[in-house]
Amino acid sequence: MKKLIIYTSQTGFTKQYATWIAERTGADLLDLKEAKKKNEAFFASYEAIVYGGWAMAGNLVKVKWFLEKAVSWKNKRLAIFCVGGSPNDNPDVARWLHQVLTDEQRTYIKAFYCQGGFAYEKMSAASRLAMKMFVGALKKKKDATDDEKEMVNRISASYDISDIKYIEPIVAYLQSEK
Ligand SMILES: Cc1cc2nc3c(=O)[nH]c(=O)nc-3n(C[C@H](O)[C@H](O)[C@H](O)COP(=O)(O)O)c2cc1C
């Protein structure tokens, strides 16, 4: 089965996961910017297409392009994966991931999450500012829950909790019979 992994990444975590998946499954790898330049004939040769992006304030960055394309790719094996700073076992992750797709989209697209991290030194100025405001607001919050306090501690500085093991469910999905 010919496979394609399309990704967008600001600080490298999503690119690392996309590369791991491509290396493991023999898939081709394409930055979203390059994918946008391709015509339908290019995508027609693939039987499986995966989109990977990062989490930004509860959204999967630039997923719209893929979701629009996916409407005409229903005969292919389709998946999205999201890379975020939250750990995989954070209960919010499953709830949040669920709302990225509609019920209808879920019938032909499978969604996965891979924990990444924060790399402040590689972020755009806008992203750094957004995070500074978010962390600042949480620090000031008087009735912050234990989860919120833990999150503030976690995201106040750069960290890397990515691990190749989180690609396993995606690899299994790509290698199973349709
Ligand atoms: C402005 C901003 C908002 C973010 N919001 C979330 C979020 O809602 N949930 C989450 O898990 N991670 C969030 N993150 C963390 C990124 O998703 C995380 O750093 C990810 O690994 C970045 O992937 P990349 O290295 O491919 O750019 C946010 C990061 C930034 C800069």
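Quantities reported herein were computed from a predicted structural model and do not represent experimental measurements.

A.B. asks: It is not clear to me how the site of the ligand should be interpreted in this structure. Could you clarify?
C.D. replies: The environment of the ligand is formed by 23 residues, the closest being S9, T14, W54, G84 and G116. Secondary structure elements with two or more residues in the shell around the ligand: α1 (13-25), β3 (48-56), β5 (77-84), β7 (117-118) and α7 (125-140). Tallied by class, the residues present in the shell around the ligand amount to 10 nonpolar, 12 polar and one charged. Taken together, domain 1 (3-119 + 160-175) and domain 2 (120-157) each give at least three residues to the shell around the ligand, which thus spans both.

A.B. asks: I'm lost on unusual backbone geometry in this one. Help?
C.D. replies: Keep in mind that most residues, glycine aside, have a negative phi and that most peptide bonds are trans. For A57, which is not glycine, the phi dihedral falls at a positive 45°. Relative to the elements of secondary structure, A57 occurs in the loop between β3 and β4 (59-60). A residue is classified by how many C-beta atoms lie within 10 Å of it, and A57, with 7 of them, is exposed. Its identity as a non-glycine residue notwithstanding, K62 has a phi of 55°, on the positive side. Mapped onto the elements of the fold, K62 is located in the loop between β4 and α4 (63-70).

A.B. asks: What am I meant to see in the packing of α7 against helix α8 (residues 146-155) here?
C.D. replies: Working note: a packed helix pair is described by the angle between its axes plus the distance between those axes. The N-to-C vectors of α7 and α8 enclose an angle of 140°; their axes lie 10 Å apart at closest approach. Between α7 and α8 the crossing geometry is left-handed. Here M131, V135, L138 and K139 of α7 come into contact with α8, specifically with E148, M151, V152 and I155. Of the residues contributing to the contact of α7 with α8, the split by class is six nonpolar, no polar and two charged.

A.B. asks: Can you help me understand the environment of T14 in this one?
C.D. replies: Relative to the helices and strands, T14 resides in helix α1. On the basis of neighbour count, T14 is assigned to the buried category, with 24 C-beta atoms found within 10 Å. Beyond its immediate sequence surroundings of up to four residues, T14 is in contact with Y7, T8, S9, G52, G53, W54, V83 and G116.

A.B. asks: I keep staring at the domain arrangement of the protein and nothing clicks. Help me out?
C.D. replies: By the assigned domains, the protein splits into domain 1 (3-119 + 160-175) and domain 2 (120-157). For domain 1 versus domain 2, the separation of C-alpha centres amounts to 25 Å. In this assembly, six residues from domain 1 lie in contact with seven residues from domain 2.

A.B. asks: Would you take a moment to explain the pairing of strand β6 (residues 109-115) for this structure?
C.D. replies: One face of the sheet, then the other: side chains in a regular strand alternate in exactly this way. Within β6, five of the seven residues are buried, which leaves the element mostly enclosed by the surrounding structure. Pairing analysis gives seven bridges linking β5 to β6, with the strands arranged parallel. Across the sheet, residue L78 finds its bridge partner in β6, namely I109.

A.B. asks: Would you mind showing me how to read the environment of G58 here?
C.D. replies: Relative to the helices and strands, G58 is located in the loop between β3 and β4. A count of 10 C-beta atoms within 10 Å places G58 in the exposed class. A C-alpha to C-alpha distance of 6.8 Å links G58 and W96, two positions 38 residues apart in sequence.

Definitions and cut-offs
Residues numbered from 1 in each chain as written. Predicted model: local features only at pLDDT ≥ 70, side-chain atom pairs only at ≥ 80, totals over all residues. Near = placed C-beta within 6 Å. Helix = DSSP H or I, 4+ residues; strand = E, 2+ residues; numbered from the N terminus. Nonpolar A, V, L, I, M, F, W, Y, C, P; charged D, E, K, R; others polar. Domains from an automatic or database assignment. Buried ≥ 20, exposed ≤ 12 C-beta atoms within 10 Å, placed from the backbone. Axes fitted to C-alpha atoms, helices over the stretch in contact; angles between N-to-C directions. Left-handed = near helix turned anticlockwise from the far one by under 90°. Contact = placed C-beta atoms within 7 Å. Pairing = 2+ DSSP bridges.

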